[in-house]
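An overview of the molecular structure
Here's the letter readout for the chains.
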Protein chains: 2
Amino acid sequence: MNIGEASKASGVSSKMIRYYESIGLISEPLRTESGYRIYSDKDVHALRFVSRARDLGFSVDQMGDLLALWRDRSRASADVKAIALRHIEALEQKAQALQAMSHTLKHLADNCSGDGRPDCPIIEEFAEGAAMSQNNGRRPRFGVTGTDAVAAGQA
Amino acid sequence: MNIGEASKASGVSSKMIRYYESIGLISEPLRTESGYRIYSDKDVHALRFVSRARDLGFSVDQMGDLLALWRDRSRASADVKAIALRHIEALEQKAQALQAMSHTLKHLADNCSGDGRPDCPIIEEFAEGAAMSQNNGRRPRFGVTGTDAVAAGQA
DNA sequence: GCTTGACCTTCCAACGATGGGAAGGACTAT
DNA sequence: ATAGTCCTTCCCATCGTTGGAAGGTCAAGC
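Residues numbered from 1 in each chain as written. Chains lettered and ligands numbered in written order. Predicted model: local features only at pLDDT ≥ 70, side-chain atom pairs only at ≥ 80, totals over all residues. Heavy atoms only, no water.

**Some words on the protein's contact with DNA strand D**
Taken together, 20 residues form the shell around DNA strand D, and within it A:Gly4, A:Arg18, B:Lys15, B:Tyr20 and B:Ser34 come nearest. Within 4 Å of the protein, the contacting atoms of DNA strand D are 68% sugar and phosphate, with bases supplying the remainder. Here a phosphate oxygen of DNA strand D and a side-chain polar atom of A:Arg18 are 2.6 Å apart. B:Arg54 places a polar side-chain atom, nitrogen or oxygen, 2.8 Å from a phosphate oxygen of DNA strand D. Of all the secondary structure elements, the ones that give two or more residues to the surface near DNA strand D are helix H1 (3-10) and helix H2 (14-22) of chain A together with helix H2 (14-22) of chain B. (Near = heavy atom within 4 Å. Polar contact = N/O pair within 3.5 Å; in protein donor to acceptor, adjacent residues only side chain to side chain. Helix = DSSP H or I, 4+ residues; strand = E, 2+ residues; numbered from the N terminus.)

See the structure below:
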């Protein structure tokens, strides 16, 4: 199976397969004499594993850990569960942060007439506002890293 | 006021102030003879505006639009509201995507004994699982872009 | 005046995950 | 043989942000 077929079979783009290989997440496959990568069913299985973990928002690092546990037949399920629970925690935290923003903004929007007049509590809040609700003063300085598997759609 | 003072007064790091200037989000400030940037209270006001919009997850592009509306004293509040509503929509969508992942994972984790035995539905789902709940088949291929103002904490 | 330290300047690189594209070789079907 | 589709490697862009290097400037203390 060449990379294109493996891609279709796994749902991971050829680009990403090469990338995952380059960073050592997956092992280097065999090659034909002319240099084409050849994938076994086993390889595709691993790729599907990665694909599904990715869809649940796991980072490449976490996927590495999960793959190692997958291959370790003497693993303790507690180790897998620990990774999952930590990730759930992070997901919830991010979701809550997003919703806190959404709610703050919704309150402002609710008080905005949304007509032709210039007066707008949204703009006013940005211009004069005190600290934004959440996070009581400590400026969060965000920047989603790692589990950024969101924004479905026109990616 | 030099950039360090403006940074403290606005909550935007010096690095980001220079960056926002470089991409044209904020205007170039005056300079001392030796080249130091000097900021007026007005400039700091704009920086604070940016800071607060950023905390609500607006992208740089959106902030540009908001700044333009802010400066436009004949703006229609409807225009501001429209940006806000679109953003609320996006925030909600992302939050829901994160929570869908969280829930899926939680179900799996709930069925994982989390002890010393290797059997683990989480790993099994990744290895054999069918399509992941959400998004009925269409693989989302995530990657938060734009409104990535999440992941509070150790940034 | 001179040194020290804290600031400022510009430029370049990195992160994470992904896509785009160029230049060139390999394969397949007609 | 030739066209078309695939593969290869390489570099670049994204988005927002931080880090660092190399060098200039300023204010305070001696």
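Read on for the rest.
**A short note on helix H1 (residues 3-10) of chain B**
All names here are of chain B. Listing the buried residues of H1 in full gives Ile3, Ala6, Ser7 and Ser10. Mapping the buried residues of H1 onto a view down its axis gives an arc of 105 degrees, with all of them on the same face. Where H1 is buried, its residues meet H2, strand E2 (37-38) and helix H3 (41-55). (Buried < 20%, exposed > 50% of the residue type's maximum accessible area, 1.4 Å probe, protein only. Arc of directions from axis to C-beta. Contact = heavy atoms within 4.5 Å.)

**Remarks on the pattern of salt bridges**
Overall, the coordinates contain eight salt bridges over all chains when judged by the stated rule. Where B:Lys106 meets A:Glu92, a salt bridge forms, and the shortest distance between an N and an O atom there is 3.6 Å. Here the residue B:Lys106 occupies a position in helix H5 (residues 77-110), and A:Glu92 occupies one in helix H5 (residues 77-110), the pair thus bridging two chains. For B:Lys106, a relative accessible area of 31% gives the class partly exposed. Residue classification places A:Glu92 among the buried positions, given a relative accessible area of 16%. (Salt bridge = Lys/Arg side-chain N within 4 Å of Asp/Glu carboxyl O.)

**A closer look at H2(A)**
Residue and element names in this part refer to chain A. Considered for burial, the residues of H2 that qualify are Ile17, Tyr20 and Glu21. End-on view of H2: buried residues confined to an arc of 100 degrees, all on one side of the axis. Facing away from the buried side of H2, by more than 90 degrees, are the exposed residues Lys15 and Ser22. Those residues of H2 that are buried lie in contact with H1, strand E1 (30-31), strand E2 (37-38), helix H3 (41-55) and helix H4 (60-71). The positive-phi residue at the C-terminal boundary of H2 is glycine 24, with phi of around 85 degrees.

**Quick word on the nonpolar core**
Formed by 76 residues in total, the largest nonpolar core has its most connected members in A:Leu105, A:Ile122, B:Leu105 and B:Ile122. Those residues in contact with A:Leu105 that lie beyond four places of it in its chain are A:Ile122, A:Phe126, B:Leu56, B:Phe58, B:Ala84, B:His87, B:Ile88 and B:Leu91. (Core = buried A, V, L, I, M, F, W, Y, C linked by side-chain atoms within 4.5 Å.)

**Quick look at the environment of B:Arg31**
Residues and elements named next belong to chain B. On the secondary structure map, arginine 31 appears in strand E1 (residues 30-31). Arginine 31 gets classed as partly exposed once you look at its relative accessible area, which sits at 42%. Each C-alpha atom of the pair arginine 31 and asparagine 2 lies 9.2 Å from the other, and the pair is 29 residues apart in sequence. A distance of 2.9 Å separates a polar side-chain atom of arginine 31 from the backbone oxygen of glycine 35.

**Some thoughts on the protein's contact with DNA strand C**
In the vicinity of DNA strand C there are 19 residues, among which A:Lys15, A:Tyr20, A:Tyr36, B:Gly4 and B:Arg18 approach most closely. For DNA strand C, the backbone makes up 72% of the atoms found within 4 Å of the protein, where backbone means sugar plus phosphate. Between DNA strand C and A:Tyr20, the relevant distance is 2.7 Å, taken from a phosphate oxygen to a side-chain nitrogen or oxygen of the residue. In this structure, a base nitrogen belonging to DNA strand C sits 2.8 Å away from a side-chain N or O atom of A:Tyr36. If you list the elements that add at least two residues to the surface near DNA strand C, you get H2 of chain A together with H1 of chain B. The element best represented in the surface near DNA strand C is H2(A), accounting for four residues. Looking at side-chain class alone, the surface near DNA strand C contains seven nonpolar, six polar and six charged residues. (Nonpolar A, V, L, I, M, F, W, Y, C, P; charged D, E, K, R; others polar.)

**Some words on the packing of helix H6 (residues 121-128) of chain A against helix H4 (residues 60-71) of chain B**
Taken N-terminus to C-terminus, the directions of H6(A) and H4(B) make an angle of 95 degrees; their axes are 10 Å apart at the nearest point. The orientation of H6(A) relative to H4(B) falls into the category roughly perpendicular. Taking contact as the criterion, the partners of A:Ile123, A:Phe126 and A:Ala127 in H6(A) are, on H4(B), B:Leu66, B:Leu69 and B:Trp70. Grouping the amino acids of the contact of H6(A) with H4(B) by side-chain chemistry returns six nonpolar, no polar and no charged. (Axes fitted to C-alpha atoms, helices over the stretch in contact; angles between N-to-C directions. Parallel < 35°, antiparallel > 145°, perpendicular 65-115°, else oblique.)

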